[in-house]
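# Observations on the three-dimensional arrangement
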Amino acid sequence: MRIVVCVKHVPDVQSERSFGPDDRLSRGEDDVLNELDENAVEAAMVLVEEYGGEVVALTVGPEDAAGSLRKALQLGAASAVHVLDDAAAGSDVVGTAAVLAAAVRSIGSEAPVDLVVTGMAALDGMTSMVPGALAATLGLPALTLAAELSVEDGTVRARRDVGEVGEVLEAELPALVSVTDQANEPRYPNFKAIMAAKKKPVTQVTLEDLGVDPAAVGAAGSRTRVVDVQVRPPREPGPVLVDAGEAGLALAGFLAERKLV
Ligand SMILES: Cc1cc2nc3c(=O)[nH]c(=O)nc-3n(C[C@H](O)[C@H](O)[C@H](O)COP(=O)(O)OP(=O)(O)OC[C@H]3O[C@@H](n4cnc5c(N)ncnc54)[C@H](O)[C@@H]3O)c2cc1C
């Protein structure tokens, strides 16, 4: 099986976030592989370990997104493709999907791609819409939010949990699947994997290489734009109950008032 896994380079969720003059999230050196995309790489690796083949990691991102590709290679991907082009910066969902689709087609021109795997959401933009938009652009069936994934006889099968209900979907390959953080436990790369990743090939491509019109993507081509951004106000400190023998009653009253008991 030949599987393309889409991985995004995002600000670390633990880091202090800031916004630039264009109201877009500032990107920095501390950015990391989107944690939820580790589940995507793991899902692809499990399939390749079962059926053979290879995983190609793909990102659209700035120069330091190479760090996220390197991590994907440490997690087992055989090679990586980095779409690196200033004109792609600021792409919205449609623009991102257009660039990713062109890159998947380009990877597929070398040898057919059976499956595209994405994470369930990027922890910065967090729309969870890229997988659907990418599948639509590529004309592939989309099995989104898979909590379980398997492939048999050219058919991919995914279990998704919708509230109290579990659904099982299937589609013929080639297809696109987005996986949740319930799908698996991503592996930790060992020393050997870290060293091996250094030798794996990473191909840089531009929009021109992919035949994508720069005016149709990036900030220039985006159909959505951030018009305002506000830092969430700090939370008000809660009341402190000092126990002088009545704190239990006061606590029960506090919870009852808020209909919490
Ligand atoms: C309200 C809003 C605010 C935004 N703010 C900013 C901002 O501050 N700064 C900024 O630069 N952009 C911003 N964007 C753009 C946003 O980052 C893009 O829309 C983004 O490329 C796609 O959306 P997402 O991050 O929600 O991805 P999601 O749809 O949540 O991602 C799902 C999966 O798609 C794959 N994927 C997504 N993006 C990529 C990628 N680039 N490369 C490889 N795989 C990918 C990953 O597997 C990921 O797990 C904003 C967009 C919106 C709608």
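Refer to the structure above for everything that follows.
Overview of the structure. (Residues numbered from 1 in each chain as written. Predicted model: local features only at pLDDT ≥ 70, side-chain atom pairs only at ≥ 80, totals over all residues. Heavy atoms only, no water.)

## Structural notes on the overall build of the protein
Heads up, the condition is: Each helix is a run of H or I in the DSSP string that is no shorter than four residues. Each strand is a run of E no shorter than two, and both are numbered from the N terminus. Relative accessible area decides the class of each residue, using a 1.4 Å probe on protein chains only: under 20% of the type maximum gives buried, over 50% gives exposed, and in between gives partly exposed. Contact definition: two residues touch when any of their heavy atoms are within 4.5 Å. Accessible areas in this description were obtained via Shrake-Rupley with a 1.4 Å probe; residue shielding takes into account the shown protein chains only.
Helices and strands together make up the secondary structure of the protein, namely eight helices and 12 strands. With the C-alpha coordinates of the protein rotated into their principal frame, the extents come out at 75 × 45 × 40 Å. In the protein, which comprises 261 residues, the share counted as buried stands at 39%. Here the analysis covers contacts within the protein between residues at least 6 apart in sequence; of these, 71% occur between residues at least 24 apart. Accessible surface computed for the protein: about 15000 Å², of which carbon and sulfur atoms make up 53%.

## Thoughts on the side chain of aspartate 31
Mapped onto the elements of the fold, aspartate 31 is located in the loop between strand S2 (9–10) and strand S3 (32–33). Once you skip the residues sitting within four places of it in the chain, aspartate 31 turns out to touch His9, Val10, Pro11 and Asp12.

## Considerations on the nonpolar core
For clarity, the cut-off: Think of a nonpolar core as a cluster: buried Ala, Val, Leu, Ile, Met, Phe, Trp, Tyr and Cys residues, connected wherever their side-chain atoms sit within 4.5 Å.
Of all hydrophobic cores here, the largest spans 32 residues; its most connected members are Ile3, Val5, Val55, Leu115, Val117 and Val156. Elements represented by at least two residues in this core include exactly strand S1 (2–6), helix H1 (35–51), strand S4 (54–60), helix H2 (66–74), strand S6 (115–119), strand S7 (142–146), strand S9 (155–162) and strand S11 (175–179). Residue contributions to this core peak at seven residues, all from H1. Sequence-distant contacts of leucine 115, defined by excluding residues within four places in its chain, comprise Met1, Arg2, Ile3, Val4, Leu47, Val156, Leu173, Ala175 and Val177.

## Description of the environment of alanine 250
Within the secondary structure layout, alanine 250 lies in helix H8 (residues 247–257). Through-space distance from the C-alpha of alanine 250 to that of glutamate 35 is 42 Å; in sequence the pair is 215 residues apart.

## Looking at the side chain of serine 91
What counts, and what does not: Pairs of N or O atoms within 3.5 Å make up the polar contacts considered here, provided that, within protein, one atom can donate a hydrogen while the other can accept it, and that residues adjacent in sequence are counted only when both atoms are side-chain atoms.
Inspection of the secondary structure assignment puts serine 91 in the loop between strand S5 (79–83) and helix H3 (93–110). Within polar-contact distance, the side chain of serine 91 engages the backbone nitrogen of glycine 218 at 2.9 Å. In this view, serine 91 contacts Thr96, Val217, Gly218, Ala219 and Ser222; residues no more than four positions away in its chain are not counted.

## Some points on a negative patch on the surface
Quick note on the threshold: Each patch is built from residues lacking any salt bridge and having more than 30% relative accessible area; the joining distance is 9 Å for like charges and 5 Å for nonpolar side chains (Val, Leu, Ile, Met, Phe, Trp, Tyr). Salt bridge criterion: a side-chain nitrogen from Lys or Arg within 4 Å of a carboxyl oxygen from Asp or Glu. We score Asp and Glu as negative and Lys and Arg as positive, and we do not count His or the chain ends. Throughout, a charge is located at the NZ atom of Lys, the CZ atom of Arg, the CG atom of Asp or the CD atom of Glu.
Together, Glu29, Asp30, Glu63, Asp64 and Asp86 line one region of the surface with negative charge. Structurally, the position occupied by glutamate 29 is in the loop between S2 and S3. You can call glutamate 29 exposed: its relative accessible area is 78%.

## Looking at the sheet that holds strand S8 (residues 148–152)
Stated precisely, the cut-off is as follows: A pair of strands is considered paired only if DSSP assigns at least 2 bridges between the two. Axis definition: a line fitted to C-alpha atoms, limited for helices to the stretch in contact. Angles are taken between N-to-C directions and run from 0 to 180 degrees.
Within the open sheet, the three strands sit side by side as S8-S9-S10. Their pairing is antiparallel. A strand with exactly one partner marks an edge of an open sheet, and here the two such strands are S8 and strand S10 (165–172). Between one strand and the next, the sheet's axes are offset by a mean angle of 20 degrees, whatever the strand orientation. Note that S9 and S10 share eight bridges and pair antiparallel. Paired with valine 156 across the strands is alanine 171, a residue of S10.

## Quick notes on the site of the ligand
For clarity, the threshold we go by: One heavy atom suffices: a residue is near a molecule or strand as soon as one of its heavy atoms comes within 4 Å of it.
Taken together, 29 residues are adjacent to the ligand, and Lys8, Leu25, Asp37, Thr96 and Thr127 come closest. Between alanine 121 and the ligand, the recorded distance is 3.4 Å, taken from a backbone N or O atom to an oxygen atom. With respect to the ligand, the backbone of valine 130 contributes an N or O atom lying 2.8 Å from an oxygen atom. Starting from 930 Å² of accessible surface for the ligand in isolation, the protein chains cover 85%. Among the elements of the structure, S4, H3, S6 and helix H4 (130–138) are those that each provide at least two residues to the shell around the ligand.

## Focus: the environment of glycine 95
Relative to the helices and strands, glycine 95 is located in helix H3. Note on glycine 95: relative accessible area 4%, which makes it buried.

## Some thoughts on the sheet that holds S5
Pairing in this open sheet of seven strands is parallel, and the strands run S7-S11-S6-S1-S4-S5-S12 from one edge to the other. Because the sheet does not close on itself, it has two edges, and the strands there are S7 and strand S12 (202–205). Recorded for the sheet is a direction-independent mean angle of 20 degrees between the axes of neighbouring strands. Direction of pairing for S6 relative to S11: parallel, over a ladder of five bridges. Within S11, the position partnered with valine 117 by the bridge is valine 177.

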